[in-house]
Amino acid sequence: MTLSYTRLLQFYKQFGKFYDRQFTDFSARTGLSMRDIHVLLFLVNNPDYDTARDITELRGLSKSQVSQAVELLAAEGFLLRTPDEADRRVVHLSITPAGLPLARECQAIQTACGQRLMTGLSEEQEQQLALLLGTVLNNGSHLAEEESI
């Protein structure tokens, strides 16, 4: 089987543009950037990962992007920073009651985006795609780890 890397990269680029456009109205209304939205979504979608380091490592945003987003979101009252009791160098992030409606609205936009992407696929095909993507992403993360050694 020949995988068309051009098609894969084309999908990545097109989906990224499509995904970002889905948040245009939300962003205009709230003043939040995609960077801020990514941080909110990460925290609401991944409750077991709640530090800036987690966001940087798992979401792939740069330290500066995460830092800027956390500063803005905390200043707006949407995020709370809580020092870890065992290690004061670690700061846990949590979405405040004021930020939760925004995070939930972002989740709804994200869900609608995913549903549009999966239009025409059966439930079985969606499951197969999830399994295949999981394998490819796992392979990619192992390769990235090997290169950073």
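In the block above lies the structure referred to throughout.
Residues numbered from 1 in each chain as written. Predicted model: local features only at pLDDT ≥ 70, side-chain atom pairs only at ≥ 80, totals over all residues. Heavy atoms only, no water.

**A closer look at the packing of aromatic side chains**
Any two aromatic rings considered together are summarised by their centre-to-centre distance and by the angle between their planes. Short version of the rule: In this analysis, rings of Phe, Tyr and Trp, with Trp reduced to its six-membered ring, are considered paired at centre separations within 6.5 Å, and the interplanar angle assigns stacked below 30 degrees, edge-to-face beyond 60, and tilted for intermediate values. Working definition: helices are DSSP H or I runs of at least four residues, strands are E runs of at least two. Numbering for both runs from the N terminus. Any residue under 20% of the maximum accessible area for its type is buried, any over 50% is exposed, and the rest in between are partly exposed; the area is computed with a 1.4 Å probe on protein chains only.
Tallied over the entire structure, the rule returns 4 aromatic pairs. With a centroid separation of 6.2 Å and 45 degrees between ring planes, the pair formed by Phe15 and Phe18 is classed as tilted. One end of the pair, Phe15, and the other, Phe18, are both in helix α1 (residues 5-22), 3 residues apart, so they sit about a helical turn from each other. For the ring pair Phe15 and Tyr19, a centre distance of 5.8 Å and an interplane angle of 35 degrees mean the geometry is tilted. With a gap of 4 residues between them, Phe15 and Tyr19 both fall in helix α1, about one helical turn apart. The exposure class of Phe15 is partly exposed, given its relative accessible area of 25%. Aromatic ring contacts, followed pair by pair, group Phe11, Phe15, Phe18, Tyr19 and Phe23 into a single cluster.

**Focus on the nonpolar core**
Across soluble globular proteins, nonpolar side chains show a tendency to be buried alongside one another. Let me state the cut-off plainly: In this text, buried Ala, Val, Leu, Ile, Met, Phe, Trp, Tyr and Cys residues form a nonpolar core when linked through side-chain atoms within 4.5 Å. The contact criterion used is simple: two residues touch if any of their non-hydrogen atoms lie within 4.5 Å.
The biggest cluster of nonpolar side chains holds 27 residues, and the ones touching the most others in it are Phe23, Leu32, Ile37, Val39 and Ile55. Looking at this core, the elements with two or more residues in it are α1, α3 (34-45), α5 (63-75) and α6 (100-117). Top contributing element to this core by residue count: α3, with 8 residues. Discounting residues that sit within four places of it in the chain, Ile37 has contacts with Phe23, Phe26, Ser27, Leu32 and Cys106.

**Some thoughts on helix α4 (residues 52-59)**
If you check which residues of α4 are buried, you get Asp54, Ile55 and Thr56. Contacts from the buried residues of α4 go to α3, α5 and β2 (91-95). At the C-terminal side of α4, Gly60 shows a positive phi close to 85 degrees.

**With respect to the layout of surface pockets**
Worth spelling out the cut-off: Cavities and pockets were defined on a 1 Å grid built over protein atoms only: a cavity is a set of grid points that admits a 1.4 Å probe from which the probe cannot escape, a pocket is an open set flanked by protein on both sides within 12 Å along at least five of seven lines, and lining residues are those with an atom within 4 Å of any such point. Grid points are joined across faces, edges and corners, and a volume is the space filled by probe spheres set on the points. Just so you know the grouping, Ala, Val, Leu, Ile, Met, Phe, Trp, Tyr, Cys and Pro go in nonpolar, Asp, Glu, Lys and Arg go in charged, and all remaining residues, Gly too, go in polar.
In this structure, the largest pocket encloses a volume near 1,700 Å³. Every residue lining the largest pocket is counted, 34 residues in all, and those nearest its centre are Phe11, Tyr12, Phe15, Leu133 and Leu137. Here the lining of the largest pocket is composed, by residue class, of 20 nonpolar, 11 polar and 3 charged. A volume near 180 Å³ is recorded for the second largest pocket. Lining the second largest pocket we find Thr51, Ala52, Arg53, Val66, Ser67, Val70, Glu71, Arg81, Arg89, Val90, Val91 and Leu93. Those elements giving two or more residues to the lining of the second largest pocket turn out to be α4, α5 and β2. With 4 residues, the top contributor of residues to the lining of the second largest pocket is α5.

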